[in-house]
Amino acid sequence: MTVEVFVAFALLWLAPAFAQTFPALSGRIVDQADVIPADKRAAIEPKLADLETKSGIQLVVATIKSLEGGDIETYANKLFRTWALGEKQKNNGVLLLVAPNDRRVRIEVGYGLEGTLTDALSKVIITNAIAPKFKANDFGGGVERGVDDIITVLTTDASEWEKRPDLRLDSGQTAADDFSPIGVGLILLLIVMLIVSPTFRMLFFQIVVQILASSGRSSSGGWSSGSSSGGWSSGSSSGGFSGGGGSSGGGGASGSW
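Participant: Give a description of the overall build of the chain that names residues and reports values.
Facilitator: In terms of regular secondary structure, the chain is built from 9 helices and 5 strands. In the chain, the succession of α and β elements from N to C terminus is α-β-α-β-α-β-β-α-α-α-α-α-α-β. Intrachain contacts of the chain at a sequence separation of at least 6 include 71% that bridge at least 24 residues.

Participant: Tell me about the nonpolar core, and please be specific about residues and values.
Facilitator: Within the largest apolar cluster, 32 residues are counted, with the highest numbers of intra-cluster contacts made by Ile107, Leu117, Val143 and Val147. Put simply, the parts of the chain that give this core at least two residues each are α2 (38-55), β2 (58-63), β3 (93-99), β4 (104-109), α4 (119-135) and α5 (139-155). The residues touching Val147, leaving out its near neighbours within four places in the chain, are Ile44, Leu48, Leu59, Val61 and Leu96. In terms of nonpolar packing, the next biggest core, distinct from the first, is built from 18 residues, Leu25, Leu67, Leu95 and Ala99 among them.

Participant: Go over the pattern of salt bridges, please, and point to the residues and values.
Facilitator: Going through the model one piece at a time under the given rule, you end up with 8 salt bridges. Between Glu52 and Arg28 there is a salt bridge, with its nearest N and O atoms 3.0 Å apart. Residue Glu52 is found in helix α2, and its partner Arg28 is found in the loop between α1 (3-14) and β1 (29-31); the two are separated by 24 residues along the sequence. Look at Glu52 and you get partly exposed, because its relative accessible area is 22%. Among the ionic pairs, Arg41 bridges to Glu45, the shortest N-O distance being 3.2 Å.

Participant: So what's going on with the packing of aromatic side chains? Residues and values would help.
Facilitator: Per the counting criterion, the structure on display carries 4 aromatic pairs. Note on Phe22 and Tyr75: the rings are 4.9 Å apart at their centroids and 75° apart in plane angle, and the pair reads as edge-to-face. Taken together, the positions of Phe22 in the loop between α1 and β1 and Tyr75 in helix α3 (residues 72-83) put the pair 53 residues apart, joining distant regions of the chain. A relative accessible area of 1% means that Tyr75 is categorised as buried. Taken together, a centroid distance of 6.0 Å and an interplanar angle of 70° make the contact between Phe139 and Trp257 edge-to-face. With a gap of 118 residues between them, Phe139 in helix α5 and Trp257 in the segment after β5 (251-256) connect regions that are remote in the sequence.

Participant: I'd like a rundown of the pairing of β3, residues and numbers included.
Facilitator: Extensive coverage of β3 is indicated by the burial of 7 of its 7 residues. Neither face of β3 is exposed, since Gly93, Leu95, Leu97 and Ala99 on one face and Val94, Leu96 and Val98 on the opposite face are all buried. Relative to β3, β2 runs parallel, the two being bridged by 6 bridges. Looking at the pairing, Ala62 lines up with Leu97 of β3. Read from β2 through α3 to β3, the crossover connection turns out right-handed. When β3 meets β4, the two strands line up antiparallel, connected through 6 bridges. Its bridge partner being in β4, Val94 is matched across the sheet by Val109. Here β3 hands over to β4 after 4 residues, with Arg103 in that stretch at a positive phi of 55°.

Participant: Break down the pairing of β5 for me, with residues and values.
Facilitator: Counted residue by residue, β5 has 5 buried out of 6 residues, so it is predominantly covered. Bridge count between β4 and β5: 6 bridges; the pairing is antiparallel. Note on β5: the bridge partner recorded for Val105 is Gly255.

Participant: Pulling in residues and values, what's your account of unusual backbone geometry?
Facilitator: The general pattern is negative phi for most residues beyond glycine and trans for most peptide bonds. Although it is not a glycine, Asn91 sits at a positive phi angle of roughly 50°. Inspection of the secondary structure puts Asn91 in the loop between α3 and β3. Its relative accessible area of 18% is what places Asn91 among the buried residues. Located in the positive-phi region is Asn137, a residue other than glycine, with phi close to 60°. Along the chain, Asn137 falls in the loop between α4 and α5. A relative accessible area of 59% means that Asn137 is categorised as exposed.

About the thresholds
One numbering rule holds for all chains: residues counted from 1, following each sequence as written. Residues qualify for local features only when their pLDDT is at least 70, as the model is predicted, and side-chain atom pairs are given and counted only at 80 or more; totals for whole chains, interfaces and linings, by contrast, use all residues. Values reported for side chains reflect all heavy atoms of the structure, with hydrogen atoms and water molecules removed beforehand. Secondary structure elements follow DSSP: runs of H or I no shorter than four residues count as helices, runs of E no shorter than two count as strands, and numbering proceeds from the N terminus. Every residue pair with non-hydrogen atoms within 4.5 Å of one another is taken to be in contact. For this analysis, a nonpolar core means a set of buried residues of the types Ala, Val, Leu, Ile, Met, Phe, Trp, Tyr and Cys, connected via side-chain atoms within 4.5 Å. Whether a residue is buried, partly exposed or exposed follows from its accessible area with a 1.4 Å probe, protein chains only, as a fraction of its type maximum: under 20%, in between, or over 50%, in that order. We define a salt bridge as a side-chain nitrogen of Lys or Arg found within 4 Å of a carboxyl oxygen belonging to Asp or Glu. Pairs were defined over the aromatic rings of Phe, Tyr and Trp, the Trp ring being its six-membered one, requiring ring centres within 6.5 Å. Orientation was assigned from the angle between planes: stacked under 30 degrees, edge-to-face over 60, tilted for the rest. Pairing between strands is defined by DSSP: at least two bridges between the two strands are required. For a crossover, the right-handed case is the one in which the path from the first strand over the helix to the second runs clockwise, viewed with the strands pointing away from the viewer.

Okay, here's the thing in structure tokens:
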């Protein structure tokens, strides 16, 4: 078996990882990992509701038991789109996603808020407000601090935030910290194989087409927040809470502790 065929079959074997399962959108806080104490939840939920009532911005907190072997960036973006957070016309949703068992956290930002809750500010909130609490196993406190800072950024002048010295990233930390050497190596290998091997290119694109066809299909041919005939579903019919049809293009930031 040639190298390109082996790599192609390996990618095909890994394809089920793209078909991840997501919790239902049952409320503004979906604590699947069960790490947010009741008193913290009671303090956070009114803030989320008040933000949505006054501004239309839909900020949702989610904790999950596992990333199912994937990266938090892909999971968060798919979950955001599955739940369709924010208003459809404004794309003003925000997702604070915590994967405690994987020690990963992400702030995923809707298209319409990328200019306000920037990638840099999202990273600062994670580094300075959320991660220190998580390191102390205070997940409720970290989520509350993160929510408070996100709301502050969304409801005040961003230029005022940028002037504050406590918003600077920790010394020595760079955006490259979010990438593992193994992941970079696999990406480089994939690029080389796509360049040098026509056979691999053909097999690779066939796999990509199969993945897209199986994971991105809905009754309307795209992402759906409440499809009744398959595809992505927000689960709002059972929880009484739903997204407004918004979307995200991957804006935001990730971190670990």
